[in-house]
Every structure is written in structure tokens, then in C-alpha cells.
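# Close look at the chain arrangement
Each chain, written out:
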Amino acid sequence: MTKSNVKAYAAQSATSGLGPFGITRREPGPSDVHIEILFCGVCHSDLHAVRNEWSSVMPTVYPIVPGHEIVGRVTRVGSAVAKFKAGDLAAVGCLVDSDRDCPRCTEGLEQFCPHLTLTYNSPDKHLGGVTYGGYSDSIVVDERFVLRVPSNLNLAATAPLLCAGITTYSPLRHWGVTNGKKVGVVGLGGLGHMAVKFARAFGAQVVVFTTSPGKQDDALRLGAHEVVVSRNANEMRKHAGSFDFILDAVSADHDLNAYVSLLGLDGNLTLVGAPEKPLALAAFGLILGRRSLSGSAIGGLPETQEMLDFCGKHNITADVEVIPIQKVNEAYERLLKSDVKYRFSIDMASLKS
Ligand code: NAP
Ligand code: ZN
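Read on for an overview of the structure. Here the structure is a predicted model, which means the values were calculated and not measured.

### Looking at the pattern of salt bridges
A side chain of one charge can pair with a side chain of the opposite charge when the charged atoms of the two come close. Considering all chains together, one arrives at 17 salt bridges under this definition. R290 is the salt-bridge partner of D266, the closest N and O atoms lying 2.7 Å from each other. Of the two residues, D266 sits in strand β13 (residues 263-271) while R290 sits in the loop between α9 (283-287) and β14 (292-295), which places them 24 residues apart along the sequence. Exposure remark for D266: the relative accessible area of 41% places this residue in the partly exposed category. A salt bridge links E321 to R334, with the nearest nitrogen and oxygen atoms 2.9 Å apart. Here E321, found in strand β15 (residues 320-324), pairs with R334, found in helix α11 (residues 328-336); they are 13 residues apart in sequence, far enough to count as distant. A residue is classified by how much of its surface remains accessible, and E321, at 27% relative accessible area, is partly exposed.

### A short note on a nonpolar patch on the surface
Together, F284, I287 and L288 make up an exposed nonpolar region whose accessible area comes to about 350 Å². Position of F284 among the secondary structure elements: in helix α9.

### Details of empty space enclosed by the protein
Within the structure shown, the criterion is met by one cavity of 30 Å³ or more. The volume enclosed by the largest cavity comes to roughly 80 Å³. Lining the largest cavity, in full, are G93, C94, L95, F145, L147, L162, I166, I298, G299, L301 and T304. Broken down by class, the residue content of the lining of the largest cavity amounts to eight nonpolar, three polar and no charged.

### A word on the environment of L263
When you line up the elements, L263 lands in strand β13. L263 sits 22 residues away from G285 along the chain, and the two C-alpha atoms are 9.2 Å apart. Leave out the neighbours within four places in its chain, and L263 touches G241, S242, F243, I246, N268, L269, R291 and S292.

### Quick word on the sheet that holds β14
Ordered in space as β11-β10-β9-β12-β13-β14, the six strands form an open sheet in which the pairing is parallel. Each end of this open sheet is capped by a strand with a single partner; those strands are β11 (226-229) and β14. For this sheet the average axis-to-axis angle between neighbouring strands, irrespective of direction, equals 20°. Sheet topology note: the β13/β14 ladder contains four bridges and is parallel. Counterpart to N268 in the pairing with β14 is S292.

### Observations regarding the coordination of the zinc ion (ligand 2)
Taken together, the protein donors to the zinc ion (ligand 2) comprise C43 (SG), H68 (NE2) and C163 (SG), at separations of 2.0 to 2.2 Å. Along the chain, the residues donating to the zinc ion (ligand 2) are arranged with the sequence spacing C-x24-H-x94-C. Here C43 is found in the loop between β3 (32-42) and α1 (44-50), whereas its partner H68 is found in the loop between α1 and β4 (70-77), with 25 residues between them in sequence. Across the pair, H68 and C43 agree in class, each one buried.

### Considering the pairing of β13
Among the nine residues in β13, seven count as buried, and that is most of the element. The sheet contact formed by strand β12 (residues 243-248) and β13 spans five bridges and is parallel. Each residue of the ladder has a partner; that of I246, found in β13, is L269.

### Some thoughts on the site of ligand 1
Among the 31 residues in the neighbourhood of ligand 1, the closest are listed as H44, T210, T211, S212 and R343. Residue L188 places a main-chain N or O atom 2.7 Å away from an oxygen atom belonging to ligand 1. Backbone polar atom of A274 to an oxygen atom of ligand 1: 3.0 Å apart, as the coordinates give it. For ligand 1, the accessible surface in isolation is 920 Å², of which the surrounding protein chains cover 91%. Secondary structure elements with two or more residues in the shell around ligand 1: α1 and α5 (190-201). In terms of residue class, the shell around ligand 1 is built from 14 nonpolar, 14 polar and three charged.

### With respect to the packing of helix α4 (residues 164-174) against helix α10 (residues 301-314)
Direction vectors running N to C along α4 and α10 enclose 100°, while the axes themselves pass 10 Å from each other. The angle between α4 and α10 places the two elements in the roughly perpendicular class. Contacts between α4 and α10 involve G165, I166, Y169, S170 and R173 from the former and E303, T304, E306, M307 and F310 from the latter. Split into classes, the residues belonging to the contact of α4 with α10 amount to four nonpolar, three polar and three charged.

### Looking at unusual backbone geometry
Of note, the bond from Y62 into P63 is cis; its omega dihedral lies within 30 degrees of zero at -5°. Note on placement: P63 falls in the loop between α1 and β4. Note the cis peptide between K341 and Y342, where omega equals -15°. Along the polypeptide, Y342 turns up in the loop between α11 and β16 (343-347). Backbone geometry places R100, a non-glycine residue, at a positive phi of 80°. Tracing the sequence through the fold places R100 in the loop between β6 (95-97) and α2 (103-106). The exposure class of R100 is partly exposed, given its relative accessible area of 30%. At I298, a residue that is not glycine, the phi angle is positive and equals roughly 20°. Relative to the helices and strands, I298 resides in the loop between β14 and α10. For I298, a relative accessible area of 15% puts it in the buried group.

The rules behind these values
- Residues numbered from 1 in each chain as written.
- Chains lettered and ligands numbered in written order.
- Predicted model: local features only at pLDDT ≥ 70, side-chain atom pairs only at ≥ 80, totals over all residues.
- Heavy atoms only, no water.
- Salt bridge = Lys/Arg side-chain N within 4 Å of Asp/Glu carboxyl O.
- Helix = DSSP H or I, 4+ residues; strand = E, 2+ residues; numbered from the N terminus.
- Buried < 20%, exposed > 50% of the residue type's maximum accessible area, 1.4 Å probe, protein only.
- Patch = residues over 30% accessible without salt bridge, like charges linked within 9 Å, V, L, I, M, F, W, Y side chains within 5 Å.
- Areas by Shrake-Rupley, 256 points an atom, 1.4 Å probe, with all protein chains shown as cover.
- 1 Å grid on protein atoms, 1.4 Å probe; cavity = no way out; pocket = protein on both sides within 12 Å on 5 of 7 lines; lining within 4 Å.
- Points joined across faces, edges and corners; volume = space filled by probe spheres on them.
- Nonpolar A, V, L, I, M, F, W, Y, C, P; charged D, E, K, R; others polar.
- Contact = heavy atoms within 4.5 Å.
- Pairing = 2+ DSSP bridges.
- Axes fitted to C-alpha atoms, helices over the stretch in contact; angles between N-to-C directions.
- Donors = N, O, S within 2.8 Å, 3.2 Å for Na, K, Ca; no water.
- Near = heavy atom within 4 Å.
- Polar contact = N/O pair within 3.5 Å; in protein donor to acceptor, adjacent residues only side chain to side chain.
- Parallel < 35°, antiparallel > 145°, perpendicular 65-115°, else oblique.

Okay, structure coming up:
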């Protein structure tokens, strides 16, 4: 199989930061789509992976080329590709392959397939080694894992939908967030701000919990009805026992019990945030109120396309700060300070300079 030299940004170790790196991509096979990457969002998961913070679950193989919020233009397609042609817009999220015929894949829940291939840091079935993600100028992906992009959306602001978008859309849908439900969103970062937009679009009464008092006006502008500064115990207490659903999108250690106590009878708290260390939970918080705690991972391909189409119809995108790839290490430092408004989107043209 022929290979091509592709410019990318990689981390060589947990402490090296990211820098220029050359990678190879496979020549497109019959069902493959070759995409020139235009924008790639910066997810906090990229940072966790680059710094090997998830070593107990998915240890990082170095060098790592992160990036799973990919939007680009199709440059070439294999002979059997039906969905795309050269010149089309296309998007790739966190998945680039899976079993395809196991019960989960058949249901369109590829994110729970036991043999899924993540866009980066997964064994690469074609070239050996591990998969390399979207901090690069092109990618080759089987058409089944390539999404269509609505033509009316800004591309830099669309890229984050491929992870932050679907990761929040999916649990809000799964837990029946509709008109009149009271919904909390914890952590106003990349995921959190998309959760606010979706929950509001689904008709919910939306309350944002933030540790950053400076984000209050933004939270309201993004669609929240109310904002609570979570470090203020009095403000928190006012909402005790009142929520139908709370989505927790926090990337670091925090007190879950404070949010469990805000759920009403049969209320659910879903974790999408994946901090490095385990979180402590007091059993009585769940017991008294038949409350539940769950998790959710991105979304399957059909639901990801549904989400993109929903965004096209309702004109929903991420609020982005577009950066050149040369500023990605700085962007990571700002993520750690909760200083992102509300997603960094890398303009991949900068990789050429
Ligand atoms: P992000 O943009 O960095 O946002 C995280 C937010 O969490 C911050 O903006 C901040 O919001 C809050 N926060 C940070 N440190 C905190 C602390 N010590 N205590 C309380 N709140 C704190 O990150 P992201 O990209 O949205 O990702 C969030 C998490 O979701 C990460 O762990 C990521 O790996 C995970 N994730 C999971 C999935 C999945 O499929 N489940 C998919 C993508 C990402 P405030 O300033 O408002 O407090
Ligand atoms: Zn992500």
C-alpha cells in the first residue's frame, strides 16, 4: 500500500508539548474518503490523552497526534464510495472504524462497539502503529465513518460539533430532555456550552453551574435561564431536589454529591466529563430520591449525523476562538485555567506555513 507524507502536530511524551511531526496516511481503498482538513477543534480529551492522564483506561502511545473534531473537504474517493465526491464538505469525529456487524454497530451505537477504532491512539488496522488524529493536513477514513456537513454552517464553528456537540446532544436526547424539563449543565467549557445550546433548543429550563463568575453573562447569552456560581453554597441550596436531569461536563476533580442533592425524585446525573482521578459518591444521595448516576460516551454515527442536521436546521454551532496550530500548547494551558470561550478551533491552513 502506498503512503504519503502528511504534516501534523504531535506530542513525543507526556511532558514534551506538541510540535511539528511528519506522518503517513494510507492511499484511499475502495470505500475510503481522502479529506483535506480545514479545521480541527481542541477537546479537553486531547489534553488528557497528550498528558497520559487516562493511563489506567487507555494509555497513550507516543508520538500522539490528537484531534477528533475534524471538518474538511473531500479531495479523492475510492471506487466504491457512494456518499461523497471530490469537492464535498465532510466531517470526522471520534471514531474511524468498528466491528460494523456486532449488535451495537447494527443499532448505530458504534461508540460502544467492543472493537471500535478511535480517531487517534487506537491500533491502526491498515498501517500498524496507532491512528493519528486531526491535528494534520489530511486524513483517510472509510466512508461509513464520514459525516455530511450542512452547507449553511461556519466551518470553524462546526468542527467542535463532532465531539463536544454529539457528546452533549446524545445524553440530552437519551434522558428525554424536552419542553419544560429542568436541566442543569455543570462546567461551561467546550462541552458545557454546547449542552446549554441544545438543552435550550429542546425546550428545557436551563441552569448553568460554573466555577467562573466571569462567565455568567455568557451563560445567559448562550441560552441559560439562570446561572449559579457553584462555589456559593447558598445559591446551590436554593435548587435542592429540583432537577430532572443534570449533565456534568467537568474535566477536573469536583464534588459530585453537591449535584446529586439537586436532583428531584428519579432525577438523573450523567457524567460526560472524564477527570483523571476517581470521584467520591455518598450512597445516601442516590438512595433518598431514587436518583441515578450514569455516564455517556460521544454518540453513534446515525445520531451524529442527526445532530449535524439538527444544527444545520436550527443554525447551531460552537462559539469558537480560531487559532493557528502554532498556538496549540498555549491553548492547552488556557484549557487548564478554564479560559476558553468556548472552544479552540485550529485553522489547519496554519500547518502549511
Ligand atoms: P473544557 O472546555 O476544558 O471545559 C471544562 C470545564 O470544566 C471548564 O471550562 C470549567 O467550567 C470546568 N472546570 C474545570 N476545572 C474545574 C474544577 N476543578 N472544578 C469545577 N469545575 C471545573 O473541557 P471539555 O472539552 O468541555 O471536556 C470536558 C470533559 O469531558 C473532559 O474531561 C473531557 O475529556 C470529557 N469528554 C468526554 C467525552 C465523552 O464522550 N464522555 C467526550 C468529550 C470530552 P467553569 O469555568 O464553568 O467552571
Ligand atoms: Zn472530544
